[in-house]
Structures are given as structure tokens and as C-alpha cells.
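A look at the structure
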Amino acid sequence: MGLSIHQIGKRYGNVVACADVSLDVQDGEFISLLGPSGCGKTTILRAIAGFVTLDAGRIFVNDLDITHLPPNKRNVGLVFQNYALWPHLTVFENLAFGLKIRGTRPPAIREIILGTLTLLGLRDLETRYPRELSGGQQQRVALARCLVLKPAILLLDEPLSNLDRKLRNQMRIELKKLQRRVGVTTLYVTHDQEEALSMSDRIVVLDHGHVVQVGSPEHIYESPQNPFVADFIGNVNMLDGQAVQRDGKSYFRVGDLEIEIPPGNVAAKSRLFFRPERVAILRGRSPEGFNLIPGQVLFRVYLGAAFRYEIDAGGIVITADSTNTGSPIQVGEKVFLEIKPEDCFLL
Amino acid sequence: MNQTDASPQRIRKFPGRSPYVLLLLPAIAFLALFYLIPLSWIIRVSFYTHVPGAYMVPAFTAQNYLRLVTDPWYIRNSLWLTLKVALISTLASVVLAYPPALLITRSTGKLRRFLLVSVLAPLLISMVCLIFGWIVMFRGHGLMNQVLLGLHLVREPVQWMYNTFGVTLALIYISIPYVVISLLDSLQRVDPSWEEAARNVGANGWQTFLKITLPLSIPGAVSGSMIALTLNICAFAVPLLLGGEKVPMAGLVAYYQALEVNNLPFGAAISVMLLLASLLVIFVFQKVLHALYLKRMEVS
Amino acid sequence: MFVRVTGILIVVGLLLPIGVTVVVAFNSSGFLLPPSGFTLRWFEKAVRNRDFVQGFYVSLAVATVASLIATGLGLLSAFGYVRYSFPGKDWVNLLFLSPLMVPVVVLGLALYSYFVALHLNDTLTALVIGHAITLIPLSFRTITASLYNFDVSMEEAALNVGASRIQTFAWITFPIIKLGILAGFILSFIMSWNNFSISLFLAGSKYVPLPVAIYSYIKFEFDAVAAAVSTILILLSGVAIFVIDRTMGLGAVMGVRKG
Ligand SMILES: Nc1ncnc2c1ncn2[C@@H]1O[C@H](COP(=O)(O)OP(=O)(O)OP(=O)(O)O)[C@@H](O)[C@H]1O
Ligand SMILES: [Mg+2]
């Protein structure tokens, strides 16, 4: 087992930074901690690295209890959000520091560092100082500084948040490829859901210091276990009403509307969710489809590759996304919405 | 890596509550031994009695303090003089600190740096050197009188030194850099766009200064006055170097009593009075600053 | 315009006594201005004066030791103060800064009577301790400021790659904040080197620092030799001002915020 966290908890005065958090990470797995600002992501990461004294719980790395080990004895690599590159040392010296401390001999140090720099495409930068590097380069040097030590676990705290959007998207892929190649067990902190969805093997969603759901990106997105996860990951339509059973089928009643939902025991639940991109907008007088709801376009937002519409369906506003095919629907147009029962879920 | 089996208490030290006591202790001990105890000691000594020839005799009497506040000579020639000189020089130094402070605020880059260094330089130059240069300039036939006589502004050399006037001037000179630092702190918080806005609605330079800049700089002026006033009330080096016995400000009298007359208890009593006076000044001015701060919070 | 003219006049006025002293020190006719010619005569005379030569060494020794003590204590306590939170933190801060607020006469007199009682008067030890007390607030303030500017994650990164606390301090923290420490040391040194008031109380007849030696000299003789010695003091101050301004910025060290 790569990393195992048992019921850890930490409070700062009245603030619960994390409570009863448990997690098992397999060797080589890439796991993201995802949650809104202040939900305790950094606290968990810093606890693993040894910079936070826990109030409760234990942490194991490769079945070894490291809960009370000082940070410099843990062999857990942490990439800081601000990179924390040492300004008075060159790239090479930054990477060499940890190896020297371990007593690695200079020829070996050189070999390891050059190998890592080459792997990360930093080969030409070894004599530069951190201030002479771009943001993306600094980020990779910070990563390299951890990787040269072959850490048991790699911890990354929002490593891409200081980069511009384009570079961030590019680094996302590079980082993921690199992690695959090196095979290091990785815990990745982010509040960017796209990042978590695109990179992770599994995602841990946190809220107010508690784990609310753990699962693969598809699982988290397609079947959120509670309203918080549904709302936090992606966009969602959320309608309040009540479920009814009729003729062996289940329906959800919102005002005058009745929407067919998957069959099952849903009596206790009163909230219907479905994703905007699963809502099909049909034009014409009487198109064919499931759960057809008549409506009128209130508002349209241009998103480049797609359009987002707000549609008034008998007093209820529903958001629908549709790809930009070149013939957008006009504001005021009367349309029908199709919502397939299997795309609906109640919570 | 089997050291994890070691007892948790031993390794738990990191990173919890840690060696701040050890880090602070040397300095605190040093200050306690050579600063707090001497200060307490001088307070104690101020209640001793002085017997000529016997240095001082342990006692517990207020006679040193009584002498200070009942002897008309001390009241008129020393305490009153001290207060007068300190107040005048403080007021003057605040007024005179404004132009350089404004000049520094309004300039940028190399010029600003040069002006700032010029104004702060006297703080890093020995008082003796400053006053020596002062004497050279203001002597009977020094530079100042030569210029004034040459321009026919005066008929005979002005007596700049060995009188209250000269000491006051020198105290102003010494105080200006301190006040400039305080003023800069306030002036730099004045957003230039506030002044520009005033100009924009038709105010001239003076009106802008009086209505916008000056009110906003008051906290700086107050804290500058506080520093200058405590310095000047307790002044002893300037009157010693420039006035001699002719300008017996309280600080100087304390020095004379303790080191020349050997009446340490009386010198101690005077310096305790000075300590109390400067604490009072600090207390009052802090109250004023706090009130100003609250008022500003209300406004914004 | 008014501000510019008066401002410049006042700045010139502040520098004038310093300038005049330096001019007199190199002027062949001494106090007679305007200067009539360049000479090093006054310096030669100064160097032949035993009191001044001794005073130079006394000042140098006292300033070196006192500022080393103040910097050492300031470094330790600044670390304790900045890095940890503990009850009574404000009081500790007040204690460390308060020697700046206590009037010099009071401090001088207190130290004088204390050292008399300890039979330590007229010793180098007394001078060093007295100076160190006035320097501690300065070094504490400068080092505290540079520690507040220091990003703690630099240290955490070092611990994270396996360095011990000592290694982290020696190889990461110290190199990064050493300019701040240096500026604090130079400031302390020059303040001690210049100190007149405390020295006057603590100097007897054996160990007389240079500023007090100048004072004793001009009490009886007023000639350009004193200007030459003053110039030596001023020159060292000038070097200190230059170095501090280049490293940390004089304004920052003296408590002026960036404009
Ligand atoms: N040293 C501290 N002292 C007091 N409270 C703290 C401390 N560190 C964190 N907290 C609090 O604990 C909670 C969790 O903080 P944490 O930094 O782990 O959040 P986060 O999920 O990383 O947030 P972000 O996305 O903004 O980085 C927050 O409410 C924070 O205010
Ligand atoms: Mg965080």
C-alpha cells in the first residue's frame, strides 16, 4: 500500500481544518484532493509531509507509521504552491541539496540530476537562478527537486495555480504523462475540477474538512452522492419538487411539470438534478422525444465551442448547453427540451 | 527505518511548541541584568540621601524629589526652561520637517533616494560631530556671522551659542530627521489622486495642502512630535556641548549632579522625573493617535 | 515651488554642519573660511595625539564587540519572536524595543550607578554592555523585518528534502537573510561607533571612546584637529550609510516605508 491515512483530524481553535479523514492510496496511483477554498486540502497534505501536528489519526507510508516522524525523515516529496525554490542556489544546486544531505557522491548526484533535468526538458537551465526562470520552468524545477530524491509519495499543492490558462492546460498533460512514466504515488491538491477530472485515477471530494465522496472521475461526475458534490463538480440543474409513482414508473413533479425519472425507491428525496449538456434543445412544432418540455429561450451566452441557454419552462428556469454548430437558437424562440430519464438523478 | 518504533514522546517534539524560550532567553536575561535592574536600581537610589564626602547613604526619603519641586531655582531655571525649550523646539522641528518630507514624497527614483539619504544621514553621524560642525558655523566669527555681516543684515556678530536660543536651534536641528521619518509614514499613505482630485475641482496648491494633505498627515505629525518632545525634554548632550552651565536643562543638571557634584541620589531623582515625563508624553500622544485612528475609521 | 525651495534649503541646512566640518579638516587655514588650500596637517596632528589614537582603538573594540553581542542576541530573539506564538508576545516586543524609548540620560545614569555599584566602572566591559543595550532594539528590529520578509516555505522545502533544522538554517535561511543581518550589524556598529551620551556616562579616564575624546578636546582647545577627528568619524558613517543603502535601503532600515 502506497499511502494510508487513518481518521486524521486537526483543529485550529474553533476551525476544523480536517476531521475523520481516511484514505488509502495504491502504489503508483494518482489521487486528487478536490474541494472549495478552506476545506482543508493543504492541511492534509502538510500533515503527510510532517508540517502539521495532528490532533488525531495516523499516517502510513508503505505500511510504516510516519505520524510522529519529523518532516526531514519522511521521504515524502512536497511541491509547494509557490514552488519555494531557494533563490540563492542555481537550478542544479537546488536539485543537488537534498542529495548532498543524503550523502550521495558528487558523480552520482550529477548523473541523477542531469537525467531528471532531461526528463523534464530543463537540460539547458541547470546554471540559472530561480529568478531567471519562467513560471512554468520554476514549476518543473520544483517538481524535479522532489523527483531526484525518489520519494515514496509525491505531494503537489495546487502546483499549476500560478500559471496562465494555456500553460496550465499544457502542464496538466505533461505532469500526468510524467507521473505515469515515473510511476510515483501522487496526491494532488486542487480546487480546479477540470484539473482533477482530467488527471486523476481517483478523486477525493472534501467539504469543511470532511471527505464527501471518493471515486473515479466518471463516478464522481456521473453519480454524485450528495448535492454538494453534484453542485461543486460541473454545472447542474437543480429542481425542488417531489417524486411520484404512477403505472410502475417514477416521475418527478415540479410545479406543473412532470419529468420521468429512472424507476426505483426515491420517495424520500426532493431534489432533481441533471447536467445542462444532457439537455437537448429541439426546435419545431412537435418533435419526437422523451420528457419533452415546452419552453422559451430567455438568455443566451456565447462560449465559443458551445452556447449556454437559459430557458423558461413554465416558470422554471433550466440551463442547457449545446455545441456551436453554427445555427444558434434566438432569444425568445419557442423550443422543446428533452431530458432523458437516465440522465436524471435525485438526491 | 525502524526508528519509528522509538517512543512517541521523544520524537513528538517536532513541530509542536518549540524552543522559543531558548531563543528569547539570552536576550531577555541580558536585558534584565543590564537594563531592567539598573533602571530599578536608579529608582531606588533616587530615594537615598547624599552626604558630602560619603557618596550616598541608603535611605527612603522623598527629599530629592521635594528639592526639585520646591527649590525656586530648579523650578524657574531648570524645569521651566526645559519645558519651554522642549516645546518650542518640538513645534519648530515639526513645521520645518514638512517641506523636506513633502519634497521626498513628491519625488521619485534616484532623486528620492538621494534626498532620503541626505535627511537620514544625520541620524547615523555622531552627535559630537554634528554639534562640532554647528559650533564651527555659529561661532562668534563663524560662517553664519560672516555671511550676515557681509550682507549687512546685522551690525555686530549674533550671539548664537551659550544661550537658550542656540540650544533651541540645535535641538530643532537634531529633531528634524526623526520627525521627517514619522511624517513620511503618513504622507506616503496620501494617495496622489486625492490631491489631483482637489486640483481638478479648482483648488490651488496651498488650498490642496491645507484641506487635503495637511489633515491626512496629522497622525505623522503627532507621532513625530512625540518622538521630538521626548528627545528634547530629556536633552542633555546638546545643552552640554552648546550651552554649558548657561542652559541648565533638566537632563544636563542630572548629569552634573551625578557625575560632577557626585550627588547621585539627586541626579537619580531628576532622571526618574524625566523618565516619568517621557512616559507621560508617550502615553498622552498614544491616546491622541488612537483617537485620530478611531476617527478615521469612522469617516471611512 | 515653495515646498521645493524650502525643502531643499532645509536638506542643505541639515548637511551643512557636516560639510563644513569636513571642509575645515582639509583647509590649511582651519576655521578661516572660505578655504584657502588643501592640507593634511590637521590629520597628522590628530594621529600624533595619544587620546585620539587610543580613543580610535577603544571605539573600534567597543563597537565591534557590542554590535556582535547585539546582533547575536537580536538574531536569536528575532527567530523566537517571529516564528513562534506564545503568551506575552507583545510584552517581549516592548521589552526589546524599549531601550530606544527610555531617555538616554536616564539609561546612562542608571548604567553608570549600576556599574559603580558592581565596581565595573571605567572598564571596557561597561562600555560594551552599555552600548549593546542601546543596540539590541536596532538589531532586533532589522532582523525581525527581514525574517518577516522571509518565506517560511523555503525552510519547509529544505526539511522536506531531508535537511535537519541546523542544516536548514546554515544552508538555506542564513544565506537568504544574511544581507538583513549584515545591515543590522553595520547599523549597530555605526551607532556604537558614534555613541556619545552613553559613553560619556560610562567612560572614566582609562577607556575613552573617540566621540568623548573629541568632546574633552574641544572643551579646552578649539582647533581644526577636532575637525579632522570628526571627519574620520563622519567618513566611517558615510561608508556605513552607503553600504546599508545599497543592501537594504537606508529608508527601510530606519523605518521609512517604501513610497
Ligand atoms: N496555521 C493555521 N492557523 C489557523 N487556521 C488555519 C491554519 N492553517 C489553516 N487554517 C484554517 O484551516 C482551514 C483549512 O485550511 P487549508 O489551508 O487546509 O485549506 P485549503 O483547502 O488548502 O484552502 P485553499 O484552497 O484556499 O488553499 C481554513 O479554514 C483555514 O483558515
Ligand atoms: Mg491550500
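Rules used throughout
- Residues numbered from 1 in each chain as written.
- Chains lettered and ligands numbered in written order.
- Predicted model: local features only at pLDDT ≥ 70, side-chain atom pairs only at ≥ 80, totals over all residues.
- Heavy atoms only, no water.
- Domains from an automatic or database assignment.
- Contact = heavy atoms within 4.5 Å.
- Buried area = accessible area lost by both parts, 1.4 Å probe.
- Salt bridge = Lys/Arg side-chain N within 4 Å of Asp/Glu carboxyl O.
- Nonpolar A, V, L, I, M, F, W, Y, C, P; charged D, E, K, R; others polar.
- Helix = DSSP H or I, 4+ residues; strand = E, 2+ residues; numbered from the N terminus.
- Polar contact = N/O pair within 3.5 Å; in protein donor to acceptor, adjacent residues only side chain to side chain.
- Axes fitted to C-alpha atoms, helices over the stretch in contact; angles between N-to-C directions.
- Parallel < 35°, antiparallel > 145°, perpendicular 65-115°, else oblique.
- Buried < 20%, exposed > 50% of the residue type's maximum accessible area, 1.4 Å probe, protein only.
- Pairing = 2+ DSSP bridges.

**Quick word on the domain arrangement of chain C**
All names here are of chain C. Each assigned domain of chain C is listed here: domain 1 (1-39) and domain 2 (50-253). One C-alpha centre belongs to domain 1, the other to domain 2, and the line joining them spans 30 Å. With eight residues of domain 1 at the interface, the matching set in domain 2 holds eight residues. Ranking the residues of domain 1 by area buried against domain 2 places Thr-21, Ala-25 and Phe-31 at the top, with a combined share of 63%. The tally of links from domain 1 across to domain 2 stands at zero salt bridges. Grouping the amino acids of the side of domain 1 that touches domain 2 by side-chain chemistry returns six nonpolar, two polar and no charged.

**A short note on the interface of chain C and chain A**
It is common to give the size of an interface as the accessible area that goes away when the parts come together. Taken together, the contact pairs 17 residues of chain C with 22 residues of chain A. At the boundary of chain C with chain A, total buried surface from both sides reaches about 1,700 Å², with 65% on carbon and sulfur atoms. Broken down residue by residue, the surface that chain C buries against chain A is led by Glu-156, Asn-160 and Val-161 of chain C, which jointly contribute 39%. At the junction of chain C with chain A, the criterion picks out one salt bridge. With a shortest N-O distance of 2.8 Å, Arg-46 of chain A and Glu-156 of chain C are connected by a salt bridge. For the side of chain C that touches chain A, the secondary-structure elements that each account for two or more residues are helix 7 (153-160) and helix 8 (165-194) of chain C. With seven residues, the single largest contributor to the side of chain C that touches chain A is helix 7 of chain C. Looking at the side of chain C that touches chain A residue by residue, the class counts come to 10 nonpolar, five polar and two charged.

**A few points about the interface of chain C and chain B**
In this complex, chain C contributes 87 residues to the contact, which on the side of chain B involves 81 residues. Both sides of the chain C and chain B interface together cover about 7,400 Å² of buried area, and 81% of this is carbon and sulfur. At the surface where chain C touches chain B, the tally comes to one salt bridge. Among the salt bridges present, the one from Asp-245 of chain C reaches Arg-113 of chain B, with a minimum N-O distance of 3.0 Å. Counting the contacts that link chain C with chain B gives eight residue pairs in polar contact (both at pLDDT 80 or more). Residues that form the side of chain C that touches chain B fall into these classes: 65 nonpolar, 15 polar and seven charged.

**Thoughts on the packing of helix 6 (residues 127-138) of chain B against helix 1 (residues 2-26) of chain C**
Viewed as axis vectors pointing N to C, helix 6 of chain B and helix 1 of chain C meet at an angle of 80°, and their least axial separation amounts to 8 Å. Our classification of the angle between helix 6 of chain B and helix 1 of chain C gives roughly perpendicular. On the side of helix 6 of chain B, the interface is formed by Cys-129, Leu-130, Phe-132, Gly-133, Trp-134, Val-136 and Met-137 of chain B, while helix 1 of chain C contributes Leu-16, Pro-17, Ile-18, Val-20, Thr-21 and Val-24 of chain C.

**Considering the environment of Val-25 of chain A**
Residues and elements named next belong to chain A. Residue placement: Val-25 occurs in strand 2 (residues 15-25). For Val-25, a relative accessible area of 1% translates into the label buried. Along the backbone, Val-25 and Met-1 are 24 residues apart, and their C-alpha atoms lie at a distance of 6.8 Å. Setting aside chain neighbours within four positions, we find Val-25 in contact with Met-1, Gly-2, Leu-3, Ile-31, Thr-185, Leu-187 and Arg-202.

**Brief notes about the pairing of strand 17 (residues 293-302) of chain A**
Residue and element names in this part refer to chain A. Judged from the four bridges that link them, strand 17 and strand 20 (residues 334-339) form a sheet pairing that is antiparallel. Residue pairing for strand 20: Gln-296 is matched across the bridge by Lys-334. With six bridges connecting them, strand 17 and strand 18 (residues 306-313) associate as antiparallel partners. Bridged to Val-301 within strand 18 is Arg-308. Taking the residues that link successive antiparallel strands as the turn, the strand 17-strand 18 hairpin has three residues, and the phi of Gly-304 there is positive, at about 85°.

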